[in-house]
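# Topology and contacts: notes
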Amino acid sequence: MRQAIPERIQLAVAQRANFRCEYCHIHSDDLFLSFEIDHIIAIKHGGTNAIENLAYACPHCNQHKGADFATLLNDFSNIVVLYNPRIHNWIEHFDISDGEIIAKTPIGQASIKIFKFNEPDLLILRKLLFELGRYP
Ligand SMILES: [Zn+2]
C-alpha cells in the first residue's frame, strides 16, 4: 500500500527546490495551482518515499511525467532516461531562449518530449515571467 509523504518531508522537498519546479523551474508563486511532490522513480518501478527520490514539481510537469523515467528517441532501440534533478545538472541539459526550454543533450530532448515543456500557454507564461524578471 502506498504511504503518504509526511508534511515535514513535503516542506523539506519544496525548500530544497527553493519553491521552484525542479523540472521546468517555474516558481510556485507564479502558478495558481498547487505544486506536487513527484516520485522521480515511481513506486511501481521500485522507487521509495526517501527524500532523495522526491522532487518538487508543478502540476503540469508532474502530470505529464506520470510514472515515466525514460523514453524512446528517434527509434525503438534508443532508450534515454529523463532528467533527474538528483543526479543531473539542469544547465548541462537545457537552455532557455525567449521562454522556450531547449535541449542541449539527449536527456534534454527526452525530457522536453515527455514533460511537454514548450506547450504554447507555458511559453507565453515563461516569456511574461522573464519580462517581469521572475524567470528563470
Ligand atoms: Zn514544471
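Everything numeric in this text was worked out from a predicted model, so none of it was measured.

Along its length, the chain carries five helices and six strands. If you list the helices and strands of the chain from N to C, you get α-β-β-α-β-β-α-β-β-α-α. Expected size for 136 residues packed as a compact globule is a radius of gyration near 14 Å; at 15 Å, the chain falls within 12% of this value. Taken over the C-alpha atoms alone, the chain extends approximately 45 × 40 × 20 Å along its principal axes. The 136 residues of the chain split such that 42% are buried. When contacts within the chain are restricted to residue pairs at least 6 apart in sequence, those whose partners lie at least 24 apart make up 55%. For the chain, the computed accessible surface area is about 8,000 Å², with 56% contributed by carbon and sulfur atoms. Separation of charge centres in the chain, based on 13 positive and 16 negative side chains, amounts to 4 Å.

Attention now moves to helix H4 (residues 106-115). For H4, a buried count of seven out of 10 residues is recorded, marking the element as mostly surrounded by other parts of the structure. On its buried side, H4 packs onto helix H2 (59-65), strand E3 (70-72), strand E4 (79-81), helix H3 (90-93), strand E5 (94-97) and strand E6 (100-103). Directly after H4, the chain includes Lys116, whose backbone phi takes a positive value near 55°.

On to the pairing of strand E2 (residues 54-57). Neither face of E2 is open: one carries Leu54 and Tyr56, the other Ala55 and Ala57, and all of them are buried. As defined by bridge partners, strand E1 (residues 36-39) adjoins E2 across four bridges and the pair is classed as antiparallel. In the sheet register, Ile37 faces E2, and the bridge partner there is Tyr56.

A word on the packing of aromatic side chains. Counted according to the given criterion, the structure contains eight aromatic pairs. With centroids separated by 6.4 Å and ring planes inclined at 85°, the aromatic side chains of Tyr23 and Tyr83 adopt a geometry described as edge-to-face. With Tyr23 in the loop between helix H1 (7-16) and E1 and Tyr83 in the loop between E4 and H3, this residue pair connects regions lying 60 residues apart in the sequence. Under the relative-accessibility criterion, Tyr23 is labelled buried at 0%. For Tyr83, a relative accessible area of 5% translates into the label buried.

Around the zinc ion, the protein contributes the donor atoms Cys21 (SG), Cys24 (SG), Cys58 (SG) and Cys61 (SG), which lie 2.3 to 2.4 Å from the metal centre. For the zinc ion, the four donor atoms are set out with angles of 102 to 115° between them, so the coordination reads as tetrahedral. Between consecutive donor residues of the zinc ion, the sequence gaps follow C-x2-C-x33-C-x2-C. One end of the pair, Cys24, is in the loop between H1 and E1; the other, Cys58, is in the loop between E2 and H2, with 34 residues separating them in the sequence. One exposure class covers both Cys24 and Cys58, and it is buried.

Reading guide: rules and limits
Residues numbered from 1 in each chain as written. Predicted model: local features only at pLDDT ≥ 70, side-chain atom pairs only at ≥ 80, totals over all residues. Heavy atoms only, no water. Helix = DSSP H or I, 4+ residues; strand = E, 2+ residues; numbered from the N terminus. Rg over C-alpha atoms; globule rule 2.2 N^0.38 Å. Buried < 20%, exposed > 50% of the residue type's maximum accessible area, 1.4 Å probe, protein only. Contact = heavy atoms within 4.5 Å. Areas by Shrake-Rupley, 256 points an atom, 1.4 Å probe, with all protein chains shown as cover. Lys, Arg positive; Asp, Glu negative; His and termini not counted. Charge placed at Lys NZ, Arg CZ, Asp CG, Glu CD. Pairing = 2+ DSSP bridges. Phe/Tyr/Trp six-rings, centres within 6.5 Å; stacked < 30°, edge-to-face > 60°. Donors = N, O, S within 2.8 Å, 3.2 Å for Na, K, Ca; no water. Tetrahedral: all angles 85-135°; square planar, octahedral: opposite > 155°, others 65-115°.

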